[in-house]
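Topology and contacts: notes
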Protein chains: 4
Amino acid sequence: MTTDTTVAIAYHSGYGHTAVLAEAVGDGVAEAGARTVPVPVDTITPEQWAALDAADAIVFGAPTYLGSASAAFHVFAESTSGRWAKRAWTGKVASGFTVSGSMSGDKLHTLQYFSIFAAQHGMHWVNLDLLPGWSASTASEHDLNRLGITLGTGAQTDTDRGPEEVSKADAQTAFHLGARVARVAAALTATPVASAVR
Amino acid sequence: MTTDTTVAIAYHSGYGHTAVLAEAVGDGVAEAGARTVPVPVDTITPEQWAALDAADAIVFGAPTYLGSASAAFHVFAESTSGRWAKRAWTGKVASGFTVSGSMSGDKLHTLQYFSIFAAQHGMHWVNLDLLPGWSASTASEHDLNRLGITLGTGAQTDTDRGPEEVSKADAQTAFHLGARVARVAAALTATPVASAVR
Amino acid sequence: MTTDTTVAIAYHSGYGHTAVLAEAVGDGVAEAGARTVPVPVDTITPEQWAALDAADAIVFGAPTYLGSASAAFHVFAESTSGRWAKRAWTGKVASGFTVSGSMSGDKLHTLQYFSIFAAQHGMHWVNLDLLPGWSASTASEHDLNRLGITLGTGAQTDTDRGPEEVSKADAQTAFHLGARVARVAAALTATPVASAVR
Amino acid sequence: MTTDTTVAIAYHSGYGHTAVLAEAVGDGVAEAGARTVPVPVDTITPEQWAALDAADAIVFGAPTYLGSASAAFHVFAESTSGRWAKRAWTGKVASGFTVSGSMSGDKLHTLQYFSIFAAQHGMHWVNLDLLPGWSASTASEHDLNRLGITLGTGAQTDTDRGPEEVSKADAQTAFHLGARVARVAAALTATPVASAVR
């Protein structure tokens, strides 16, 4: 399947782990036949702003630092206020991903933040849709959604490990999210009804 | 426009205010040409369970009591665990609404709960997409989204006022949400691509 | 150290895992020299309601089902509305714990719910105060706070494992929380200034 | 009552409204007999960092922009990571306040963010403890907690109104929060037991 759908990935990576996940999301988008545009938000260019504006979907990504997205992501988000007032991103599809050094806890708060940021912009939020990857009988670190996240996706990487050590399971989960976002965005843009809600 | 789209409204009403909002959501669904099925979850029947399973979208509604949805809604939600395990509601569209006696604060937490419940089920979340209804020059209690909610919608009604005194602005905002959910659901069900992500 | 401080533990346990954590919280309370009163909220008696009312602190506990506390806990919470209106629990210390089958994700939402429920009652919220228990060099499943939760504490237990298999690390983390809550409650009740804020 | 207690107010003000609230919080702190130290975080000095480190309590404040605290606050928060690793703020009392142009909704998310940031640092969170300020019979814009917020406090000011038009009710609610935080901090620092939990 190939579509005209474009999925932008607006992310900030502090030490490279988020960039690895952004690439996995992009691979998933491509697998679903859509075009992907990576946008590192701390060095965003006018062309990249235009790409966000033209995209059918935007996936947000940032590391979780002290319980929220990195400050660099927040600086980017705040600079979208003109677009918010003009409803420039209304009806686009959105989702999000994050990474931290620990298993649980406050990564959910970063995903909640992304979902509320998307709500402010009137975007539609796509969830991960994978059961938790555990099972007593097949216990494995290699399962999709090993962390049991639902609102988007996330990764856990020890803080003294480099980006190349992002777990394969977490990257594959990010890939799944990218493909899913692309398919929903393609469906929404494929019909005249869809444009009515944009 | 008429579509084959069906939007179920799964709600619990304690004193009637939520039921008024549910009706307004349903009117918005009908305005968008879709079919609406109201489901009071505290007296749900097998036929109504089947209607939820068959619906293209489900809008969740409950009053906010002490910072969350009413207990009756939570009892309903917990009883969907078999459907969760079978991924019965994956790919449906979801949104939510709530009401409380005060302007602000913890209604957002109820909407966050609805959005996470939807995420657990792999549903797609549709936001309100209305700027806050304030303006110094046109200050009015009658504006759409007068409370400035984004993740869904909500109402404020003094606790000693009856259901007939739900504000017109709040009811119209619920109407807007219903129409929007119906349009997104119709777009997602209109294409074969959509069924691929169901 | 022995104090006159009493810490109640208001919990619902579906399959026994939460009860194991409640016992660990209680052991921590005792270690700090305070008295502990376990209150299973689904079978709460008038005497146990009186114990909650008399306690210096209440720790809330429930499993996370489909992204929130179990419905039985919500039924209990809703039945505190009379106490809420009379501000019966104002100034008490509060915290919370939860358990689910997966590592991450939506357990935080249950803890957020507990913290907002406490806020509704005007209680003071005590956090876990433990760094995440990870470390690449000492990687272990036995570390305190192995899940990296901050707002309270939690456990992960495979869903087909019985209560006796709650991890020792998670139980010890719950013990830490109980001791911490008891010490803060003792400090707040030890001075006349404290009673001024009750 | 006079105490040795010090309450720092770490805030970012974009257009002056948050500064007005910060001053009201400080007035409440003074009313309770404690010392207050305002710290505008976007121009924080080494002396002000030292004041935060020495304070018994820190109240966080920022406007809500697009669903979260202003980016300037997030830049400040991220720069506390060294203090987080050293547990420099453990056992301090915390609370928060925010302001936005609309009544409801996403101000709660900013307060949730502040509470999770405090949890990361192992601080104790003090809630507002005021019933919502509504009443059908006495309906008034001048009531304490007119917005019905519980996790901290907040204000609503039309976006085209200047800081001098922050509502008196909102400022008095912020005053109440400051006094309450000061009293709890004083109680916690008044006893040797308290220092055990620091």
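Rules used throughout
- Residues numbered from 1 in each chain as written.
- Chains lettered and ligands numbered in written order.
- Predicted model: local features only at pLDDT ≥ 70, side-chain atom pairs only at ≥ 80, totals over all residues.
- Helix = DSSP H or I, 4+ residues; strand = E, 2+ residues; numbered from the N terminus.
- Buried ≥ 20, exposed ≤ 12 C-beta atoms within 10 Å, placed from the backbone.
- Contact = placed C-beta atoms within 7 Å.
- Expected span 1.5 Å × (residues − 1).
- Axes fitted to C-alpha atoms, helices over the stretch in contact; angles between N-to-C directions.
- Parallel < 35°, antiparallel > 145°, perpendicular 65-115°, else oblique.
- Left-handed = near helix turned anticlockwise from the far one by under 90°.
- Nonpolar A, V, L, I, M, F, W, Y, C, P; charged D, E, K, R; others polar.
- Pairing = 2+ DSSP bridges.
- Least-squares fit on C-alpha atoms with pLDDT ≥ 70 in both.
- pLDDT = per-residue confidence, 0-100.

Quick word on the overall build of chain A
When its secondary structure is counted, chain A shows 7 helices and 7 strands. Listing the helices and strands of chain A from first to last along the sequence gives β-α-β-α-β-β-α-α-β-α-β-β-α-α. Looking at the 198 residues of chain A, the share that counts as buried comes to 66%. Summarising the internal contacts of chain A: among those between residues at least 6 apart in sequence, 80% fall at separations of at least 24.

Some remarks on helix H5 (residues 107-120) of chain B
Residues and elements named next belong to chain B. If you check H5, its first and last C-alpha atoms are 20 Å apart, about what 14 residues at 1.5 Å a residue would give, namely 20 Å. The element H5 is extensively covered by neighbouring structure, given that 14 of its 14 residues are classed as buried. Where H5 ends, the next residue or the one after it, Gly122, has phi of about 70°, a positive value.

A short note on the packing of helix H1 (residues 17-31) of chain C against helix H6 (residues 168-189) of chain C
All names here are of chain C. One can describe the packing of H1 onto H6 by two numbers: an axis separation of 6 Å at closest approach and a directional angle of 45°. Here H6 runs oblique to H1, going by the angle between their axes. Crossing of H1 against H6: the hand is right-handed. Every residue of H6 that contacts H1 at Val20, Leu21, Ala24, Val25, Gly26, Asp27, Gly28, Val29 and Glu31 is listed here: Ala171, Ala174, Phe175, His176, Leu177, Gly178, Ala179, Val181 and Ala182.

Quick look at the interface of chain B and chain A
Of the residues lining the interface, 28 residues belong to chain B; the matching set on chain A comes to 28 residues. When residues of the side of chain B that touches chain A are traced back to their parent elements, those giving at least two are H5, strand E6 (124-126), helix H6 (168-189) and helix H7 (192-196) of chain B. Residues that form the side of chain B that touches chain A fall into these classes: 16 nonpolar, 9 polar and 3 charged. Inspection of the sheet shows strand E6 (residues 124-126) of chain A paired to E6(B) by 3 bridges, in the antiparallel sense. Bridging across to E6(B), A:Val126 finds its partner in B:His124.

Quick notes on the relation of the copies chain C and chain D
For the pair chain C and chain D, the best superposition has an RMSD of 0.0 Å and corresponds to a rotation of 180° with a translation of 0.0 Å parallel to the axis. Taken together, the rotation and translation relating the two chain copies correspond to the operation of a two-fold axis. Every residue of chain C has its C-alpha some distance from the rotation axis, and the shortest such distance is that of C:Trp125, at 2.5 Å. Comparing contact sets, 100% of the residues at the interface of chain C also lie at the interface in chain D, consistent with an isologous, same-surface contact.

Quick notes on the pairing of strand E3 (residues 57-65) of chain D
Residue and element names in this part refer to chain D. Burial analysis of E3 places 9 of its 9 residues in the buried class, which makes it a mostly covered element. When E3 meets strand E5 (residues 93-100), the two strands line up parallel, connected through 7 bridges. What sits directly across from Phe60, in E5, is Gly96.

Some words on the interface of chain C and chain D
Listed per partner, the contact involves 28 residues of chain C and 28 residues of chain D. Taken together, the residues of the side of chain C that touches chain D sort by class into 16 nonpolar, 9 polar and 3 charged.

Looking at the confidence of the model for chain A
All names here are of chain A. The predicted model of chain A has a mean per-residue pLDDT of 91, with 90% of residues at 70 or higher. Low pLDDT (under 50) marks residues 192-196, which in the prediction has 8 contacts with non-local residues, meaning those over four places away or in another chain. Model confidence for the complex: the whole-complex pTM is 0.95, and ipTM, which rates the interface, is 0.93.

A look at the environment of D:Asp143
Examined against the element boundaries, D:Asp143 turns out to sit in the loop between strand E6 (124-126) and strand E7 (153-156). Taking C-alpha positions, D:Asp143 is 8.6 Å from D:Thr173, a pair spaced 30 residues apart along the chain.

A look at the environment of D:Phe60
Residues and elements named next belong to chain D. Looking at the element boundaries, Phe60 is found in strand E3. The exposure class of Phe60 is buried, given the 28 C-beta atoms found within 10 Å. Sequence separation between Phe60 and Ala10 is 50 residues, and the spatial gap between their C-alpha atoms is 5.0 Å. Not counting the four nearest positions on each side in its chain, Phe60 is found in contact with Ala10, Ala94, Gly96, Phe114 and Phe117.

A closer look at the packing of helix H3 (residues 71-78) of chain B against helix H3 (residues 71-78) of chain C
Two elements in contact, H3(B) and H3(C), have axes whose closest approach is 8 Å; the angle formed by their N-to-C orientations is 175°. Relative to H3(C), the element H3(B) lies roughly antiparallel. Side by side, H3(B) and H3(C) meet where B:Ala71, B:His74, B:Val75 and B:Glu78 of the first sit next to C:Ala71, C:His74, C:Val75 and C:Glu78 of the second. Taken together, the residues of the contact of H3(B) with H3(C) sort by class into 4 nonpolar, 2 polar and 2 charged.

Some thoughts on unusual backbone geometry
Residue A:Asp129 is not a glycine yet carries a positive backbone phi of 60°. Counting through the fold element by element, A:Asp129 comes out in the loop between E6 and strand E7 (153-156). The phi torsion at B:Arg87 lies on the positive side, around 55°, for a residue other than glycine. Locating B:Arg87 in the fold gives a position in the loop between helix H4 (81-86) and strand E5 (93-100).

Things to note about the pairing of strand E3 (residues 57-65) of chain C
All names here are of chain C. Across 5 bridges, strand E1 (residues 6-11) lies against E3 in parallel orientation. For Tyr11, the partnering residue across the bridge sits in E3 and is Gly61. The pairing of E3 with strand E4 (residues 68-69) spans 2 bridges and is classified as antiparallel. Its bridge partner being in E4, Tyr65 is matched across the sheet by Ser68.

Let's talk about the environment of D:Tyr113
Within the secondary structure, D:Tyr113 sits in helix H5 (residues 107-120). Distance in space between the C-alpha atoms of D:Tyr113 and D:Ala69 is 7.9 Å, their sequence separation being 44 residues.

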